[in-house]
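# A look at the structure
The lines below spell out each chain.
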Amino acid sequence: MTRIDFHSNVPDKLAYACRLVRKARAADCRVVLLAPDRQTLQALDEALWTFSDLDFLPHVAADDPLAARTPVILAESDQTALPHHQILINLTAATPAHFARFERMFEIVSSEESDRLAGRERYRYYQQRGYPLTHNVADKA
């Protein structure tokens, strides 16, 4: 059963996702980042290249020919075929259709009202279905 970790009150979802990816890669995990749209996906792509001078986080889009050999995959649709299912980082406001294929999922929720409300709905959805949940409140620093 997928383990689900909620991280709420996140001031910058992209920077936070980059830090989670860095931590996951340090543990040799394979990651899929699910973005809500093409614009966010492009911003995430750039952020992964630029957020740290000391870290290299190889990543490609889910439809890239190198996706099967790349540890970090960027997707804007949960209907996209994915090469691995270890960790999913959800940056969307929706419950990913195939989240249960993953060993672990991180739900990143900002402090914006609409995002908080959507996050609460997703939390209840997983809770009602018996998924193991944890909740971390991000520091405001």
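Each value, and the rule that gives it
Residues numbered from 1 in each chain as written. Predicted model: local features only at pLDDT ≥ 70, side-chain atom pairs only at ≥ 80, totals over all residues. Heavy atoms only, no water. Helix = DSSP H or I, 4+ residues; strand = E, 2+ residues; numbered from the N terminus. Expected span 1.5 Å × (residues − 1). Buried < 20%, exposed > 50% of the residue type's maximum accessible area, 1.4 Å probe, protein only. Polar contact = N/O pair within 3.5 Å; in protein donor to acceptor, adjacent residues only side chain to side chain. Salt bridge = Lys/Arg side-chain N within 4 Å of Asp/Glu carboxyl O. Core = buried A, V, L, I, M, F, W, Y, C linked by side-chain atoms within 4.5 Å. Contact = heavy atoms within 4.5 Å.

### Thoughts on helix 1 (residues 13–26)
- Between its terminal C-alpha atoms helix 1 stretches 20 Å, which fits the 20 Å expected from 14 residues at 1.5 Å a residue.
- For helix 1, the full list of buried residues reads K13, Y16, A17, C18, L20, V21 and A24.
- A distance of 3.2 Å separates the backbone nitrogen of L14 from a side-chain oxygen at the start of helix 1, and that oxygen is part of D12.
- Positive backbone phi, approximately 60°, marks D28, located one or two places after helix 1.

### What about the environment of T50?
- With respect to the secondary-structure elements, T50 resides in helix 2 (residues 38–50).
- When its relative accessible area of 54% is taken as the criterion, T50 is described as exposed.
- Once the C-alpha coordinates of T50 and C18 are considered, the two residues, 32 residues apart in sequence, prove to be 9.7 Å apart.
- One polar contact links the side chain of T50 to the main-chain carbonyl oxygen of E46, over a distance of 2.9 Å.

### Notes on the pattern of salt bridges
- Within the structure shown, the criterion is met by 9 salt bridges.
- Ionic pairing is found between R116 and E113, a salt bridge with its closest N-O pair at 2.6 Å. Residue R116 and its partner E113 are located together in helix 3 (residues 113–128), separated by 3 residues, close to a single helical turn.
- You can call E113 partly exposed: its relative accessible area is 43%.
- Here R124 and E121 are joined by a salt bridge, their closest N and O atoms 2.4 Å apart. Note that R124 and E121 are positioned in helix 3 at a spacing of 3 residues, about one turn of the helix.
- Several salt bridges converge on common partners, so that one network encompasses R3, D5 and R104.

### Here we look at unusual backbone geometry
- Positive phi values are uncommon outside glycine, yet N9 reaches one of about 60°.
- Despite not being glycine, D28 has its phi angle at roughly 60°, a positive value.
- Following the sequence through the fold, D28 ends up in the loop between helix 1 and strand 2 (31–34).

### What to know about the nonpolar core
- By size, the foremost hydrophobic cluster in this structure holds 24 residues, and its most contacted members are V21, L33, L48, I89 and I108.
- Within the residue set of this core, elements represented by two or more residues are helix 1, strand 2, helix 2, strand 4 (72–75), strand 5 (87–90) and strand 6 (104–110).
- Tallying contributions element by element places helix 1 first for this core, with 6 residues.
- What L48 contacts, discounting residues up to four positions off in sequence, is C18, V21, L33, L57, H59, V72 and L74.
- Among the nonpolar cores identified, the runner-up in size contains 16 residues, and V32, A75, M105 and V109 belong to it.

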